[in-house]
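Residue-level structural notes
What follows is the residue order along each chain.
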Amino acid sequence: MLRASDPQRATAILTAAEQWRRHTAREAWLDHLLTHDPEQWFAHVSADANTYARTIVGGLARRPTQDELAARRRAPSAPARPVTATPGWPPIAIPGQPGWVRTLTPDGRQLDRPRQLPQESARDLAPPRPAHTARRAAAA
């Protein structure tokens, strides 16, 4: 709250009075336009909306219509792709089999097995080696 002797108070009063004068003059001008030239009045009051519409028209044009969305819903869906493990990726959860994952063994086979630990090493995913291969590797 400003004191009566504060010069900022006088400035604030004059600023508010000028803003009110401009507001009432604009309203009177718009009322006059509405009465005498409705087309110009409409063009003036919708100018901001038209400017905004020009900025969003590109995005709206790319959106599908209700008919297009309904046609997509009616169209037959593509067959489901088989779940395939990929080298370098973690095991994949198998749909419809909670707790089971599909992994890729080092020799390239797809292996379905229950998930045991959240983080499993690649060593755990390798198939067991035959005994004679293990003896040769140990002898070398």
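This section reports on the structure supplied with the text.

**Let's talk about the overall build of the protein**
- The helix and strand tally for the protein stands at 6 helices and 3 strands.
- Helices and strands appear in the protein in the N-to-C order α-α-α-α-β-β-β-α-α.
- In the protein, once contacts between residues fewer than 6 apart in sequence are set aside, the share between residues at least 24 apart is 4%.
- Summed over all atoms, the accessible surface of the protein reaches about 12200 Å², with 59% contributed by carbon and sulfur.

**Brief notes about the pattern of salt bridges**
- Scanning the model with the defined rule gives 4 salt bridges in all.
- The partner of Arg21 in a salt bridge is Glu18, and the shortest N-O contact between them spans 2.6 Å. Of this pair, Arg21 and Glu18 both sit in helix 1 (residues 7-36), 3 residues apart, which is roughly one turn of that helix.
- Salt bridges sharing common partners tie together Glu18, Arg21 and Arg22.

**Considerations on the pairing of strand 2 (residues 100-104)**
- The pairing of strand 1 (residues 92-93) with strand 2 spans 2 bridges and is classified as antiparallel. Its bridge partner lying in strand 2, Ile92 is registered against Arg102.
- Counted between consecutive antiparallel strands, the loop separating strand 1 from strand 2 contains 6 residues, among which Gly96 sits at a positive phi close to 80 degrees.
- Of the pairings in the sheet, the one linking strand 2 to strand 3 (residues 110-114) comprises 5 bridges and is antiparallel in character. Opposite Arg102, over in strand 3, you have Asp112 as the bridge partner.

**Describing the sheet that holds strand 3**
- The strand order across the open sheet formed by 3 strands is 1-2-3, and the pairing between neighbours is antiparallel. Pairing within the sheet leaves two strands with one partner each, and these edge strands are strand 1 and strand 3.

**What to know about the packing of helix 1 against helix 2 (residues 38-45)**
- With their axes 6 Å apart at the nearest point, helix 1 and helix 2 run at an angle of 135 degrees to one another. Overall, the two elements helix 1 and helix 2 adopt an arrangement that is oblique. Contact with helix 1, carried on its side by Arg26, Trp29, Leu30, Leu33, Leu34 and His36, involves Pro38, Gln40, Trp41, His44 and Val45 of helix 2 and no other residues of that element.
- The class makeup of the residues in the contact of helix 1 with helix 2 is 7 nonpolar, 3 polar and 1 charged.

What counts, and where the lines are drawn
Residues numbered from 1 in each chain as written. Predicted model: local features only at pLDDT ≥ 70, side-chain atom pairs only at ≥ 80, totals over all residues. Heavy atoms only, no water. Helix = DSSP H or I, 4+ residues; strand = E, 2+ residues; numbered from the N terminus. Contact = heavy atoms within 4.5 Å. Areas by Shrake-Rupley, 256 points an atom, 1.4 Å probe, with all protein chains shown as cover. Salt bridge = Lys/Arg side-chain N within 4 Å of Asp/Glu carboxyl O. Pairing = 2+ DSSP bridges. Axes fitted to C-alpha atoms, helices over the stretch in contact; angles between N-to-C directions. Parallel < 35°, antiparallel > 145°, perpendicular 65-115°, else oblique. Nonpolar A, V, L, I, M, F, W, Y, C, P; charged D, E, K, R; others polar.

Note that all results are geometric; they support no functional claim without further evidence.
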